[in-house]
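Descriptive structure summary
Chain by chain, the residues run as shown.
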Number of protein chains: 2
Amino acid sequence: MLRLSKLTDYAVVVMARLARDGALPEGQVQTAPGLAQATGIAEPTVAKVLKILGQAGLVEGVRGARGGYRLTRPLSAVPLSAVIVAIDGPIALTACVDGGQGGCEAQGICAVRGRWDPVNDAIRRALSGITLADLAGPSCCAVPTMLVAE
Amino acid sequence: MLRLSKLTDYAVVVMARLARDGALPEGQVQTAPGLAQATGIAEPTVAKVLKILGQAGLVEGVRGARGGYRLTRPLSAVPLSAVIVAIDGPIALTACVDGGQGGCEAQGICAVRGRWDPVNDAIRRALSGITLADLAGPSCCAVPTMLVAE
DNA sequence: TCAAATAGGACCATTTGGGTCCCCTTTGAA
DNA sequence: TTCAAAGGGGACCCAAATGGTCCTATTTGA
């Protein structure tokens, strides 16, 4: 189905939510449990996503009591591809592309060897042109209408 | 990694090979075992791929002795997206998009609801602009250099 | 009449990813 | 000084999707 992982989906939702108050560096932080409740995503999962995003530098974690997370950049400065790369790894449609180094066993025969690059580039270009601000939209900062029960 | 399935990869390879002789309708057919040997892909897998491609109308199967498969269109008339859709199903990055009908349980909260469509469109556009001829290239019709041992 | 080849579906095993939990470190507040 | 709240990092388990194989029926040329 050519889908991206749920984790990536969650990451987008969490970051969109994160932009609500503590929009930028030095802004107010939000805790993982709080984000979990606000988004309806299970708390351990939110924590996991935030850890990964932190390692990628997309969010900044503040440790200790009264700690939490904040964005390091405005949503408009975060291309969707950055989130995908952070969560899912490099964008490459096939396993036999660059870096694979001996993955495909039919190298001698494969007629399309080395020709996937234009495809990958096209995908990357499409995903780089869309920012999280495009996904969140102006209505992103509206107050949440409800919280999930359980 | 945002990858497509191996089956799709196989399909591209098989179709590229299929274009070698029996390029078009009324052309010479090639058998599944023959294609398997020519591509280095396991024979049952090749058969499976060809069946799916047949159902999608991308190849035409000829039954009976001396049967086989041939392309229904030249590679230049087959967008990559057609193969992906045939094997993997509709191209949609997230599960919560059109048709999902009640998939996401956090509908009341989700800030990015209904905003993935532009992304999906961008991907579809990128994949529709590339044909199998682009992937196979002029060198596609060169004789295979070797066959895999086992 | 037989053999070759497709058509279709059922089936199993493996892998990948989703999700959870644990312990450690940090740090503000009592 | 102590405690509690929160992030950091990793290990672990389970399940769903996928890859891959096989079996049977049907078709058709020799």
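All values derive from a computational prediction rather than experimental measurement. (Residues numbered from 1 in each chain as written. Chains lettered and ligands numbered in written order. Predicted model: local features only at pLDDT ≥ 70, side-chain atom pairs only at ≥ 80, totals over all residues. Heavy atoms only, no water.)

**Side note on the environment of B:R73**
Residues and elements named next belong to chain B.
- Mapping R73 onto the fold places it in the loop between β2 (68–71) and α4 (80–88).
- With 16 residues separating them in the primary sequence, R73 and G57 have C-alpha atoms 9.4 Å apart.
- Of note is the side chain of R73, whose polar atom sits 3.3 Å from the backbone oxygen of A77. (Helix = DSSP H or I, 4+ residues; strand = E, 2+ residues; numbered from the N terminus. Polar contact = N/O pair within 3.5 Å; in protein donor to acceptor, adjacent residues only side chain to side chain.)

**Section: the protein's contact with DNA strand C**
- What surrounds DNA strand C is a group of 25 residues, the closest being A:S5, A:K48, A:R63, B:A32 and B:Y69.
- Sugar plus phosphate, as a fraction of atoms of DNA strand C within 4 Å of the protein: 69%.
- For DNA strand C, a phosphate oxygen lies 3.5 Å from a polar atom in the side chain of A:S5.
- The separation between a base nitrogen of DNA strand C and a polar side-chain atom of B:K51 is 2.9 Å.
- Among the secondary structure elements, those contributing two or more residues to the surface near DNA strand C are α1 (6–18) and α3 (43–55) of chain A together with α2 (32–39), α3 (43–55), β1 (59–62) and β2 of chain B.
- Per-class residue counts for the surface near DNA strand C are 10 nonpolar, 9 polar and 6 charged. (Near = heavy atom within 4 Å. Nonpolar A, V, L, I, M, F, W, Y, C, P; charged D, E, K, R; others polar.)

**Section: the pairing of strand β2 (residues 68–71) of chain A**
- Of the two faces of β2(A), the one carrying A:G68 and A:R70 and the one carrying A:Y69 and A:L71 are both buried.
- Here strand β1 (residues 59–62) of chain A folds back onto β2(A) in antiparallel fashion, the turn holding 5 residues, of which A:G64 has a positive phi close to 85 degrees. (Buried < 20%, exposed > 50% of the residue type's maximum accessible area, 1.4 Å probe, protein only. Pairing = 2+ DSSP bridges.)

**Observations concerning the nonpolar core**
- Counting 82 residues, the largest nonpolar core has A:M15, A:L127, B:M15 and B:L127 as its most contacted members.
- When residues no more than four places from it in sequence are discounted, the contact partners of A:M15 are A:L53, A:L58, A:V59, A:L71, A:L75, A:V78, A:V83 and A:L132. (Core = buried A, V, L, I, M, F, W, Y, C linked by side-chain atoms within 4.5 Å. Contact = heavy atoms within 4.5 Å.)

**Points about the packing of helix α1 (residues 6–18) of chain B against α2(B)**
Residue and element names in this part refer to chain B.
- The geometry of α1 relative to α2 is characterised by a closest axis approach of 10 Å and an angle of 105 degrees between their N-to-C directions. The angle between α1 and α2 falls in the class roughly perpendicular. Residues V13, V14, R17 and L18 of α1 pack against L35, A38 and T39 of α2.
- Among the residues making up the contact of α1 with α2, the classes are represented as 5 nonpolar, 1 polar and 1 charged. (Axes fitted to C-alpha atoms, helices over the stretch in contact; angles between N-to-C directions. Parallel < 35°, antiparallel > 145°, perpendicular 65-115°, else oblique.)

Any functional reading would require information that these geometric values do not contain.
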